[in-house]
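The lines below spell out each chain.
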Amino acid sequence: MTELPKAYDFKEYEEGIYQEWEQKGYFKPTNDPNSSGHDPSVEPFVIVIPPPNVTGALHLGHPMFVTTEDIMVRYHRMKGEPTLWVPGTDHAGTATQLQVEKKLQSEGTSREEVGREAFEKRVWEWKEKYGGEITSQLRRLGASCDWSRERFTLDDGLSKAVREAFVQLYEKGLVYQGPRMINWSPGLQTAVSDLEVEYSEEEGKLYYFKYVLADGSGEYLPVATTRPETIPGDTGVAVHPEDERYSKFVGKEVLVPVLGRKIRVVADEYVTREFGTGALKITPGHDPHDYEIGERHHLELINIMNKNATLNENTGPYAGMDRFKARKQIWADMQEAGLVLKEEPYLMKVPRSQRGGEIIEPLVSSQWFIKMDSLAAKAAEAVRQGEITFVPERFTKVFLNWMENIQDWCISRQLWWGHRIPVWYCDECHETIVSREDPSSCPKCGSTALRQDPDVLDTWFSSGLWPFSVFGWPENTPDFQYFYPTSVMETGYDIIFFWVARMVMDGLEFTGKVPFHTVYLHGMIRDDKGQKMSKTKNNVIDPLVLMDEYGTDALRFTLVVGSSPGNDQNVGVKKVEANRNFANKVWNIGRFVISAINRIEEPALESIQWTLADSWIWARTRQTVNAVNDLFENYQFGEAGRQVYEFLWNDFADWYLEASKRQLAEGANRAARTATLLANVLDLMLRLLHPFTPFVTEALWGYLKAACQENGLVYKPIEGWEEHLIVGRWPERMPHEAWETDAIKDFELVQEIVRSIRNLRSEYKIEPNKSLEALFVSESRADFVEKNKHLLVDLAGLDEQSLTVHTTKPETEGLTALVVEDIEIFLSMTADGDDQADRERLEKELAEAESQIARLEKLLASPFAQKAPAQVVEAEREKLAGYKSSAEKLRERLG
RNA sequence: GGGCGGUUAGCUCAGUUGGUUAGAGCGUUGCGUUGACAUCGCAAAGGUCGUAGGUUCGAGUCCUAUACCACCCA
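Cut-off values and rules
- Residues numbered from 1 in each chain as written.
- Chains lettered and ligands numbered in written order.
- Predicted model: local features only at pLDDT ≥ 70, side-chain atom pairs only at ≥ 80, totals over all residues.
- Heavy atoms only, no water.
- Helix = DSSP H or I, 4+ residues; strand = E, 2+ residues; numbered from the N terminus.
- Buried < 20%, exposed > 50% of the residue type's maximum accessible area, 1.4 Å probe, protein only.
- Contact = heavy atoms within 4.5 Å.
- Areas by Shrake-Rupley, 256 points an atom, 1.4 Å probe, with all protein chains shown as cover.
- Lys, Arg positive; Asp, Glu negative; His and termini not counted.
- Charge placed at Lys NZ, Arg CZ, Asp CG, Glu CD.
- Expected span 1.5 Å × (residues − 1).
- Arc of directions from axis to C-beta.
- Polar contact = N/O pair within 3.5 Å; in protein donor to acceptor, adjacent residues only side chain to side chain.
- Near = heavy atom within 4 Å.
- Nonpolar A, V, L, I, M, F, W, Y, C, P; charged D, E, K, R; others polar.
- 1 Å grid on protein atoms, 1.4 Å probe; cavity = no way out; pocket = protein on both sides within 12 Å on 5 of 7 lines; lining within 4 Å.
- Points joined across faces, edges and corners; volume = space filled by probe spheres on them.
- Pairing = 2+ DSSP bridges.
- Core = buried A, V, L, I, M, F, W, Y, C linked by side-chain atoms within 4.5 Å.
- Salt bridge = Lys/Arg side-chain N within 4 Å of Asp/Glu carboxyl O.

Participant: How should the overall build of chain A be read in this particular structure?
Facilitator: Scanning chain A from N- to C-terminus turns up 27 helices and 31 strands. With the C-alpha coordinates aligned to their principal axes, the bounding extent of chain A is approximately 120 × 70 × 55 Å. Taken over 895 residues, chain A has a buried fraction of 55%. By sequence separation, contacts in chain A at least 24 residues apart represent 78% of the contacts at least 6 residues apart. Summed over its atoms, the accessible surface of chain A is roughly 39,800 Å², and 47% of this surface lies on carbon and sulfur atoms. The distance from the centre of the 102 positive side-chain charges to the centre of the 141 negative ones in chain A is 2 Å.

Here it is, written out as C-alpha cells:
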C-alpha cells in the first residue's frame, strides 16, 4: 500500500527518474541500425538538437526549445516509432574565444602574449571544464536525448566533415578568396558576415562642407556626409546625371580638404538629388555603395583604416588617430580652413556588431567567400516544391525572400578558436593548396615551406553541416543511412538565415537531400512586460532558479502552454507558480485515485450499469484524447497541453472525483467499477500529459501502476502495463460513439442545476456544510432528476432524506424557487426568507430569459433558419425551448 | 521603402476548416479547513475582441483600408 504525501515534492523525484530513464536506455532509438535485426523499412523520428554554445549559460530560451523538442520526441517514442534526438554542443567561435580572452585578461595576459598554440590549449581546457555544464542542465530539463550520440562541432568527425565540405565547395568553384568589401569588427579584430551586423537608428549629424574646384576658380561643390573621418579616403564626388545644378562640375576636379589631393566629379544615377546637397562624396574603400560607384567610374580605392579602427598613413596628419577622434579633428581643421558650410542633426543608421555592439567598419579586405546563388536557388526550389514545410507557414515567405536576394557569404574569421581553413600557401612558388589532408609538401614545387591560412571558419559553417555531420558524414555510416534526413528541425526564428537556410543549402549540396521535412520555429522569450531580457534591464529570469523553486515540470509547462508557434512569449514567475500548482493538482488527483483503488475488495462485474457521471467523464476523456491527437499532428502543443489541463482540473477533479466519492462509498461492484474508471481515465491522461510534464507523470504513473497491480481487481491497460510511462503507449484516437452526445448533454444539465443551487447558496450566504431541503418539480424530467438525485445531493449540498421529486406542483409555500429549463427547484433557505429579494431575483432571471427568447426568436425568423446547417439551427431551437419553459415556470412562480 | 506579427477582462495571454451568450492564469471581491489537494474549494465582478468599411443567414476568426506597437529585410 502506497501512502503518498499531500504535496508533490519534485525534488524527491526529478533526478532519480531521469537517471532511471537513461540507465534503462529509453533515450536510445529502437531499431538501431548498428544492431542485427535492424529493419530499414521502419521510418524513424529524428531531431538533431540546435547545439547550445559549449560554454554558454542557460537562459529561458533553452528550456523553451528543449521542452518543445522533448514533447515531439516523447510523443513519437510513445507512438512506438524508433525515435532519436541527437544532443550536442557548438564550439561557438567568437563567444567562446571571448570568454577565454577575458579570463586571460584577468590573469594579466592576453592571447597574443600566450601565442596561438597555447591559447587553443587554454580554450580546450575551458571547454572541458565548463562544457559539461550546459549538457547537465539539459538533462535537468528532462531532455530525453541519446547521450551516447552526443557531438561537439569541433570533434574529429565533425572537423572532417567541415574539411570535406570546404574542399568540395572549392573544387566546384563555390569558394573563392577576396579582396572584397567586408564588415570589419575592430574590437574583435575580425571580419564578420552581413548577418552579424545590425543597423540601429541613432542621433548623428549631417556635415555640410565645400569640395573646392581644383581649377582655382574658387567655386565649390557643396557636399554632405555623416562620416567626415572618411574624407581622406575620398576619390571622387558624384552627382546625379540629370541634376542641372551640378552638371557643369561633372568631369572637373576638386580638392580633398586638408590633403589637397585632386579627385574627379562623376555623374551617377545612384545619387539621390533630394538628399543632402545632392552631391555625394565617394569613398570606395569604406562604403559598400561607394565601392560600386567607384568600380563603375574606375575611381581609385584608398584604404584609410588600420585594423584597430585608427586612421592609417594614407590620411596624412590623422595617421594613428582613432576614428571618432579623427571625425572631430578633421571637421575642426576644415572649419579652420573655411570649408565648412553647416551641420544639422540627422538620424543615421549605424552598423553595429551583433556581438558586443561596437560600430562595424566596412572596408576592403582579403577574405574567403562562398558563392551563394546556385546553392540558394536549389534550396529555394526545394521549399517551393514543398519538400520542406515551415511551421508556422508564414516563415516560408521569409525564407524564400532571403534566398532570392542572397549575398555571398564571408566565411573567414581572424580568430583562433574554430575550424582552421584547410588552405596552405607555398612560400616558394606561392601555390595555394586546398586539401582534405594536411599536405607535407607543395604538390607543384615540392617545397616543404608551407604555411596554413591562419584564419578559421565562421561558426555557422560547421553548424550548416550539423544534421548530417552528427551521423558521421562524409562516411556512409549506418546512422547516416537510417537517420538522415531528419524529421523536424525545431529552432528559433531568429536564426532562420544564420542556420536553417544554410542547413538546407548544405544538405542539398552535400547529400542531395533536404536535411529535414519540417521546420518548426518557436518565438522569443521576453519578460512579463514584453521586453527583451537583458542584464542591463535587470529583468533576466534564471531558469535554474525557477526549477529550484517550482520544479522542472512547472517550467516546461509554462514555456509551452499559453504560447503558439512562432510567436514571442512573455514569461513571468506567476505563470510558473500557477503551473507548479497544476503539477500538485495532478498529484492529488493521483492520490485520490490510488487510495480509491487500494480500498477495492471485489472485482467489478461487467454487467454493472454505468452512472451518468461515468458515461460523461468517459465521453469527455475520449473527446480529449482525440483533440490532443489532432493538435499534436498539427504541432499545436500549447493548445494540446491546455486541453489536458482543463480536462484534468475542470472536469475530472472538479466534477468526476466529487461524483465518484459516493460511488466508491457504495462499495462492492459499484466501487470497483468506479475505481476502474478512475484508473483508466487517469492512466490515459498521464500518458497525454507525459510529454509536457514528464517527471510528475512518470512518478505518479508508477504509483498508479503499482496500486493497480497490487490490487489486481481493477484497471489494466489494453496491452498491459509498460515498464515506465516514458515508453508507455500513446493513447490513440477513439471513434465517436452515439451515446457520448447524450451523456455530455445530460451531465451538463446536472452541472447547470448544481451551479444554480450553489449560486443561490452563495447569495444567501449558506454555510457550505449545511444541507438544504429540496423539492424538484418537472413533468418531463422527473425521472431524470430522480435517477441522478445523488449527484445533486452531493454536489449541491442537499438534504437527501427530505428531497422529493414531483411531476405536478405541490405546496411550496415558504420555499425559494429556482428554474433550470423546465425543472423547478424549491429550496428551504433561511427561516426568515426575504420574499421581496426572492421576487427580485426571479424577476431578473425572467427578464434575462425573455431577452434571450426575443433574441432567439428573431434569429430563427431570419434567413438563418433556412441558410444555416440544420444542426446549427436545431441547437438554437433547443435553446429557445429551454428558455421558454424557464420563462413559463418563472412567470407562474411570480404569479 | 518592402515584408511579417501583434492589438481580446485590471495584468499576461489562449482562441486553425466562420456557427451565433468569447476562455485561462494571475489579480480583485465575498464565503469556506465536507478525509485528493489552502500549491485548495465554492461563488462573483470584469471584455461593443484597436478603428472604419466589406463579404456572409452568421465575423474575434475571411477581405479592404487605417492607427498604434514590435520585429525582419533593404
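Participant: Which parts of the structure should I look at to understand the environment of Ile744?
Facilitator: Among the structural elements, Ile744 can be located in helix H22 (residues 738–763). Exposure remark for Ile744: the relative accessible area of 11% places this residue in the buried category. When the C-alpha positions of Ile744 and Lys787 are compared, they lie 16 Å apart, and in sequence the two are 43 residues distant. Those residues in contact with Ile744 that lie beyond four places of it in its chain are Trp616, Ala619, Arg620 and Gln623.

Participant: What's the story with helix H20 (residues 668–689) in this structure? I'm lost.
Facilitator: At 3.6 residues per turn, the α-helix brings residues three or four places apart onto the same side. Relative to the 32 Å expected for 22 residues at 1.5 Å per residue, H20 spans 31 Å between its end C-alpha atoms, a close match to the ideal helical length. With respect to burial, H20 is a largely interior element, 21 of its 22 residues being buried.

Participant: I'm lost on helix H15 (residues 543–550) in this one. Help?
Facilitator: Where H15 is concerned, the buried positions are Pro543, Leu546, Met547 and Tyr550. Seen from one end, H15 has its buried residues packed into an arc of 100 degrees, which puts them on one side. In the core, the buried residues of H15 are packed alongside helix H1 (10–23), helix H2 (61–78), helix H5 (116–140), helix H16 (552–560) and helix H17 (573–599). By the N-cap criterion, in which a side-chain oxygen at the helix start approaches the backbone nitrogen of a residue two or three places on, H15 is capped by Asp542, the distance to Leu544 being 2.9 Å. Just beyond H15, the residue with positive phi is Gly551, at close to 95 degrees.

Participant: Help me out: how do you make sense of unusual backbone geometry in this one?
Facilitator: For residues other than glycine, phi is negative in most cases, and the peptide bonds are mostly trans. In this structure, the amide linkage connecting Trp473 to the following residue, Pro474, adopts the cis form with an omega of 10 degrees. Relative to the helices and strands, Pro474 is located in the loop between helix H12 (466–469) and helix H13 (478–483). Residue Tyr484 is joined to Pro485 through a cis peptide bond whose omega torsion reads -5 degrees. With respect to the helices and strands, Pro485 occurs in the loop between H13 and strand E24 (486–492). Its identity as a non-glycine residue notwithstanding, Gln189 has a phi of 60 degrees, on the positive side. Relative to the elements of secondary structure, Gln189 occurs in the loop between strand E6 (180–185) and strand E7 (190–192). With a phi close to 50 degrees, Glu821 is a non-glycine residue in the positive phi region. Looking at the secondary structure, you find Glu821 in the loop between strand E30 (816–820) and strand E31 (823–827).

Participant: Mind showing me how you'd approach the protein's contact with RNA strand B here?
Facilitator: As a structural note, the neighbourhood of RNA strand B is formed by 51 residues, with Asn570, Gln636, Arg855, Phe864 and Tyr883 the closest of them. Here, RNA strand B places atoms within 4 Å of the protein, and 63% of those atoms are sugar or phosphate. At 2.8 Å from a phosphate oxygen of RNA strand B is found a side-chain nitrogen or oxygen belonging to Lys397. Broken down by secondary-structure element, the contributors of at least two residues to the surface near RNA strand B are H17, helix H19 (637–665), H22, helix H25 (835–861), helix H26 (864–867) and helix H27 (870–894). In the surface near RNA strand B, the residues fall into 17 nonpolar, eleven polar and 23 charged.

Participant: I would appreciate a short explanation of empty space enclosed by the protein in the present structure.
Facilitator: By rolling a water-sized probe across the atoms, one finds the places where empty space is left. Taken as a whole, this structure holds two cavities of 30 Å³ or more when the rule is applied. Taken as a whole, the largest cavity encloses approximately 80 Å³ of empty space. If you go around the largest cavity, the residues you meet are Met64, Thr68, Tyr520, His522, Leu559, Val560, Ser563, Ser564, Pro565, Gly566, Phe637 and Gly638. Of all elements in the fold, only H2, strand E25 (516–522), H16 and H19 reach the threshold of two or more residues within the lining of the largest cavity. Across the lining of the largest cavity, the residue classes break down as six nonpolar, six polar and no charged. Computed from the structure, the second largest cavity encloses a volume of approximately 60 Å³. The wall of the second largest cavity is formed by Leu169, Ile370, Met372, Leu375, Trp409, Phe461, Leu465, Arg502, Met505, Asp506 and Phe510. Broken down by element, the lining of the second largest cavity gets its largest block of residues, four residues, from helix H14 (residues 496–511).

Participant: Teacher, can you tell me more about the pairing of strand E15 (residues 361–365) here?
Facilitator: Looking along a regular strand, one sees the side chains alternate between the two faces of the sheet. Burial within E15 is extensive, with four of its five residues counted as buried. One ladder, built from five bridges, connects E6 with E15; its direction is antiparallel. Bridging across to E15, Trp184 finds its partner in Glu361.

Participant: Help me understand the nonpolar core in this model?
Facilitator: Generally speaking, soluble globular proteins have nonpolar side chains that are buried together. Counting residues in each nonpolar core, the largest one holds 200 residues, and the members touching the most others are Phe461, Phe652, Phe776 and Leu798. Per-element accounting of this core gives the leading share, 13 residues, to H20. By size, the runner-up hydrophobic cluster in this structure holds 35 residues, among which are Phe209, Tyr246, Val256 and Ile263.

Participant: What's the story with the sheet that holds strand E16 (residues 368–370) in this structure? I'm lost.
Facilitator: Strand pairing within a sheet occurs via backbone hydrogen bonds; the two strands may be parallel or antiparallel. Judged by pairing direction, the sheet is antiparallel, and its three strands sit side by side in the order E5-E16-E18 without closing on themselves. Only two strands of the sheet have a single partner each, and these edge strands are strand E5 (175–177) and strand E18 (409–410). As paired elements, E5 and E16 share three bridges and run antiparallel to each other. Within E16, the position partnered with Gln177 by the bridge is Trp368.

Participant: What am I meant to see in the pattern of salt bridges here?
Facilitator: Any two side chains of opposite charge can pair, on the condition that their charged atoms come close. This structure, assessed with the given rule, holds 64 salt bridges. Among the ionic pairs, Lys24 bridges to Glu723, the shortest N-O distance being 3.4 Å. Placement of the pair is Lys24 in the loop between H1 and strand E1 (45–48) and Glu723 in the loop between helix H21 (694–711) and H22, with a sequence separation of 699 residues. For the salt bridge of Arg670 with Glu666, the shortest nitrogen-to-oxygen distance reads 4.0 Å. Overlapping salt bridges, with partners in common, bring together Arg227, Glu229, Arg323, Arg327 and Glu361 in one network.

Geometric values such as these leave the question of function open.
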